Amino acid sequence: MSTPDRELSPPFEIVEPVNWRAPIIFNSPHSGSVYPAEFLNASRIDLASLRRSEDSFMDELIEGLSARGFPVVRVHFPRSYVDVNREPYELDPRMFTGRLPSFANTRSMRVAGGLGTIPRVVGDGQEIYRDRLNVDEALSRIEALYKPYHRALRRLINKAHQAFGTVVVVDCHSMPSIGVSRDEPRRPDIVIGDRYGTSCAPVLPDVVEDVMSGLGYSIGRNKPYAGGFITEHYGNPASGLHTVQLELNRAVYMDERRRERGARFAQVVADFAALAEALAEVPLNDLGPFQAAAE
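Everything in this summary refers to the structure shown in the same document. Note that the coordinates shown come from a computational prediction; the quantities given were computed from them, not determined experimentally.

What counts, and at which threshold
- Residues numbered from 1 in each chain as written.
- Predicted model: local features only at pLDDT ≥ 70, side-chain atom pairs only at ≥ 80, totals over all residues.
- Heavy atoms only, no water.
- Pairing = 2+ DSSP bridges.
- Helix = DSSP H or I, 4+ residues; strand = E, 2+ residues; numbered from the N terminus.
- Axes fitted to C-alpha atoms, helices over the stretch in contact; angles between N-to-C directions.
- Contact = heavy atoms within 4.5 Å.
- Disulfide = S-S within 2.5 Å.
- Buried < 20%, exposed > 50% of the residue type's maximum accessible area, 1.4 Å probe, protein only.
- Salt bridge = Lys/Arg side-chain N within 4 Å of Asp/Glu carboxyl O.

Describing the sheet that holds strand β9 (residues 241-249)
As a general point, the strands of a sheet are linked pairwise by backbone hydrogen bonds and lie either parallel or antiparallel. Spatially, seven strands are ordered β1-β3-β2-β6-β9-β7-β8 in an open sheet, and the strand pairing comes out mixed. Two strands in the sheet have a free side with no partner beyond their single neighbour: β1 (12-15) and β8 (219-221). Between one strand axis and the next, the sheet turns by 20° as a mean value, whatever way the strands run. Pairing geometry for β1 and strand β3 (residues 72-75), over four bridges, is antiparallel. Within β3, the residue paired with glutamate 13 across the bridge is arginine 74. Contacting β6 (167-175), β7 (190-193), β8 and β9, helix α6 (residues 203-214) crosses the sheet at an angle of about 160° to β8.

Listed below in structure tokens is the structure:
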């Protein structure tokens, strides 16, 4: 397989407003739904099964925010093909023919679970590939898709940081309404992830919780999702770089079985707009960069 350039052109897009309302970037890394034909041919499961890993329609929920002055980033390729919310080389050697680079991270918990940069399984644990992939195929996907996305995201973050002195990335995801384990309690409508207080100033998750709970959403924090690579990698509150992950329960806005937009879809769009406006009202001085406390 080779990277299907025509099918994934462009592989992602950034819709940047002419006038920024605030240094807040809304990012949707897992809503991609363009499945290359060669990928489908190599898969042992059907398209409907592959789409179980997809944060379906999350990009549509936030796309209108660009007209309100907030840049929006959306990925078009599916996370089951390349997952940009991982380290660049979290790779499972059992998936490939050929030797992985010595710098590949083959021992992370995500790799062990089959959910590395090139995933081995979809969200419900089904194996994706019929046969092993050539390691060069994996590396070419990383070079052609993963790295350009992160370069573009980093440029956008740097632009905001230079202009405002601080920046907030709101990393938008969706989660199945029911967990894999029967012992897991009912999932809330939204889970806010801030890597247990390390990826952003405390005011940001507090504002998210206040606004969305006021709009009728039940809220959880950091369990079962505390934030992935994007949240951890781009969050450095001491430097004025903040990331907060939002996991929206799919039952809130879509029919999970039919994979269709639900009756509340338009209301959720409006609620995300209200959240964006509330975040824009947070004083920039509350977002650093911060001086380290004296010992």
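Overview of the environment of leucine 61
Following the sequence through the fold, leucine 61 ends up in helix α3 (residues 58-62). Once the C-alpha coordinates of leucine 61 and asparagine 158 are considered, the two residues, 97 residues apart in sequence, prove to be 25 Å apart. If near-sequence neighbours (up to four positions away) are discounted, leucine 61 is found in contact with Leu248, Tyr253, Phe265, Val268, Val269 and Phe272.

Side note on the state of the cysteines
Scanning the model with the defined rule gives zero disulfides in all. Cysteine 200 provides the cysteine sulfur closest to cysteine 172, a residue in no disulfide bond, and the two sulfurs are 13 Å apart. What makes cysteine 172 buried here is its relative accessible area of 1%.

Remarks on the pattern of salt bridges
Side-chain pairing between opposite charges can occur once the charged atoms of the two side chains come close. For the structure shown, the criterion picks out 22 salt bridges. Between glutamate 232 and arginine 195 there is a salt bridge; the shortest N-O distance is 3.4 Å. Highlighted residues: glutamate 232 in helix α7 (residues 229-234) and arginine 195 in the loop between β7 and α6, separated in sequence by 37 residues. Judged by its relative accessible area of 25%, arginine 195 falls in the partly exposed class. Each of Glu13, Asp59, Glu63 and Arg74 takes part in salt bridges that share partners, so that together they form one network.

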